[in-house]
Amino acid sequence: QMISYVSCHDDMCLTDRLMAEMPNIDTTEMIRLDELAQTVVFTSQGIPFMLCGEEMLRSKQGIHNSFNSPDHINRINWTNLQRYPQVFQYYCRLINMRRNHPAFHIGDANDIQKHLEFLPTQPCLVGYILKDNAGGDKWKNIVVILNSNREPKTVEIPVGEYTIVCCDGTINECGLGKMNGGFITIDPQSALILYK
């Protein structure tokens, strides 16, 4: 009974929150952090919740609760879809990956505890394994590593050959390449998702 989200209608939307916390953020970093934040939401157990327009970097001009704001604050700027098509595509592939893999939405707390194993933590980095065909998934072991640092980080994962499905802002369930376990490097402000 958990709902995962990074922004909602009665607070700042995600891009406004990022700009408020990081006033000098540029568009490239904004995109990386936006995609990373949604990867957290859509690879988490429970119910994902997404504010409309996040898939195209919606802004409400920094207004927290815009229920009584005019249309120029609340509108969705559809030209952002043409300006940031890579963000929209990333969201589409992320949602499809969640839909196609029951390990990301197991639905039973006991099963989650049985199949979820966290990797050793580091500042601004979270990693975990969904193991033993969690939720009946066809992928035996799924490794999810989320790095919000501005520099690459190294993490140790179990040995074996993995298929990369998410790396540095790109998702492809058919695979982006192979990687061996052991010590691996995760790009700055990005997610790395592997399976074997």
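Before going into details, it helps to say that this report is about the structure given with it. (Residues numbered from 1 in each chain as written. Predicted model: local features only at pLDDT ≥ 70, side-chain atom pairs only at ≥ 80, totals over all residues. Heavy atoms only, no water.)

Examining the pattern of salt bridges
Within the structure shown, the criterion is met by five salt bridges. Between Asp11 and Arg17 there is a salt bridge, and its shortest N-O distance comes to 3.2 Å. Using a relative accessible area of 28% as the deciding quantity, one classes Asp11 as partly exposed. What makes Arg17 partly exposed here is its relative accessible area of 28%. In this structure, Lys131 and Glu117 form a salt bridge, with 3.2 Å as the shortest nitrogen-oxygen distance. A residue pair is termed long-range when its members are at least 10 positions apart, and Lys131 in the loop between strand S4 (125-130) and strand S5 (142-147) and Glu117 in strand S3 (residues 116-118) qualify at 14 residues. On the accessibility criterion, Lys131 (24% relative accessible area) is partly exposed. Classification of Glu117 as partly exposed rests on a relative accessible area of 35%. Taken together, the salt bridges that share partners define one network made up of Asp11, Arg17 and Glu21. (Salt bridge = Lys/Arg side-chain N within 4 Å of Asp/Glu carboxyl O. Buried < 20%, exposed > 50% of the residue type's maximum accessible area, 1.4 Å probe, protein only. Helix = DSSP H or I, 4+ residues; strand = E, 2+ residues; numbered from the N terminus.)

Things to note about the pairing of S4
A regular strand places its side chains on the two faces of the sheet in alternate fashion. For S4, the tally of buried residues reaches five of six residues, placing the bulk of the element in the interior. Relative to S4, S3 runs antiparallel, the two being bridged by three bridges. Among the inter-strand pairings, Glu117 is bridged to a residue of S4, identified as Ile129. A loop of six residues connects S3 with S4, the two strands running antiparallel in sequence, and Cys124 in this loop sits at a positive phi of about 60°. (Pairing = 2+ DSSP bridges.)

Considering the packing of aromatic side chains
Evaluated as defined, the whole model comprises three aromatic pairs. Their ring planes at 75° and their centres at 5.5 Å tell us that Tyr5 and Phe49 sit as a pair that is edge-to-face. Here Tyr5 is found in the loop between strand S1 (3-4) and helix H1 (14-21), whereas its partner Phe49 is found in the loop between strand S2 (47-48) and helix H3 (71-74), with 44 residues between them in sequence. You can call Phe49 partly exposed: its relative accessible area is 32%. Relative to Tyr128, the ring of Phe118 lies with its centre 6.0 Å away and its plane at 65°, an arrangement referred to as edge-to-face. On the criterion of sequence distance, the pair formed by Phe118 in strand S3 and Tyr128 in strand S4 is long-range, its members being ten residues apart. Exposure remark for Phe118: the relative accessible area of 54% places this residue in the exposed category. For Tyr128, a relative accessible area of 8% translates into the label buried. (Phe/Tyr/Trp six-rings, centres within 6.5 Å; stacked < 30°, edge-to-face > 60°.)

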